[in-house]
Amino acid sequence: MDDFSVKEFLRGVTRQDAEALRAYFAADAAVYWHNSNECFTAEEYIRANCAYPGTWDGAVERVENAGERMIVVAKVWDKKSAYRVVSFLALEGGKIRRLDEYWGDVGEVPEWRREMGIGKTIEA
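Numbers given to residues run from 1 along each chain, matching the order in which its sequence is written. This being a predicted model, a pLDDT of at least 70 is required before a residue's local features are given, and a value of 80 or more before pairs of side-chain atoms are given or counted; all residues contribute to the totals for chains, interfaces and linings. Side-chain numbers come from the whole structure's heavy atoms, not from hydrogens or water.

Caption draft 1: Here's a closer look at helix α1 (residues 6–14). Those residues of α1 lying buried are Val6, Phe9, Leu10, Gly12, Val13 and Thr14. Immediately downstream of α1, the backbone of Gln16 shows phi near 55°, a positive value. Any residue under 20% of the maximum accessible area for its type is buried, any over 50% is exposed, and the rest in between are partly exposed; the area is computed with a 1.4 Å probe on protein chains only. What counts as a helix is a DSSP run of H or I of at least four residues, what counts as a strand is a run of E of at least two, and both are numbered from the N terminus.

Right, dumping it as structure tokens:
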């Protein structure tokens, strides 16, 4: 797992660099986007990622290692929107064998919760 770089993988994702992304996946890798109930081969994932509209940037916020498994939290954004993605990676020989991703919008606190006067801002 030492040769797998989460930051470089995210850079390939945000730059929509198909060639760079191919190097990160095992030949028979599977990718699951649970929010939209989709499963992709690595090549289908790369096609979908590279066809996504916009110019993107991103930052890794947290990484948890557990042997050949990693949990990664990242923030991805463009000029109009921002998302947080939680990714569960199963690695084999430094390559992604299975990738499970959960994407969510970054947004404001809903009015009903603001009215309750609970919670506090995590980051300014």
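Caption draft 2: Broad picture of the sheet that holds strand β2 (residues 38–41). For two strands to pair, DSSP has to find at least two bridges joining them. Read from one edge of the open sheet, six strands run β2-β1-β6-β5-β4-β3, paired in mixed fashion. Two strands in the sheet have a free side with no partner beyond their single neighbour: β2 and β3 (57–66). Mean inter-strand twist for the sheet, computed between neighbouring axes without regard to direction, equals 20°. Here β3 runs beside strand β4 (residues 69–77); their pairing, made up of nine bridges, is antiparallel. Paired with Arg62 across the bridge in β4 is Val73. Its contacts with the sheet put α1 on β1 (25–33), β3, β4 and β6 (95–105), and the angle it makes with β3 is roughly 145°. Convention adopted: a line fitted to C-alpha atoms gives each axis, helices being fitted over their contacting stretch, and angles between N-to-C directions are expressed from 0 to 180 degrees. We call two residues in contact when some of their heavy atoms are within 4.5 Å.

Caption draft 3: Just a nonpolar patch on the surface, in detail. A cluster of nonpolar side chains, Ile71, Phe88 and Tyr102, forms an exposed patch at the surface whose accessible area comes to about 240 Å². By the secondary structure assignment, Phe88 is in strand β5 (residues 82–92). For Phe88, a relative accessible area of 34% translates into the label partly exposed. Each patch is assembled from residues with relative accessible area greater than 30% and no salt bridge, linking like charges that lie within 9 Å and nonpolar side chains (Val, Leu, Ile, Met, Phe, Trp, Tyr) that lie within 5 Å. Residue-level accessible areas treat just the shown protein chains as cover; the underlying method is Shrake-Rupley with a 1.4 Å probe. By salt bridge we mean one thing: a side-chain nitrogen of Lys or Arg within 4 Å of a carboxyl oxygen of Asp or Glu.

Caption draft 4: Region of the structure containing the packing of aromatic side chains. Within 6.5 Å between ring centres, the rings of Phe, Tyr and Trp (the latter by its six-membered ring) count as paired, and their orientation is classed by plane angle as stacked under 30 degrees, edge-to-face over 60, tilted in between. Counted according to the given criterion, the structure contains eleven aromatic pairs. Their ring planes at 70° and their centres at 6.2 Å tell us that Tyr83 and Trp103 sit as a pair that is edge-to-face. With Tyr83 in strand β5 and Trp103 in strand β6, this pair connects stretches of sequence that are 20 residues apart. Residue class for Trp103 comes out partly exposed when judged on its relative accessible area of 30%. Cluster of aromatic residues (ring-pair linked, three or more members): Phe4, Phe9, Tyr24, Phe25, Trp33, Phe40 and Tyr45. Here, a charge over a ring is recorded when the distance from Lys NZ or Arg CZ to the ring centre is within 6 Å and its angle to the ring normal is within 35 degrees. The positively charged end of Arg98 is found above the aromatic ring belonging to Tyr32, 4.0 Å away from the centroid.

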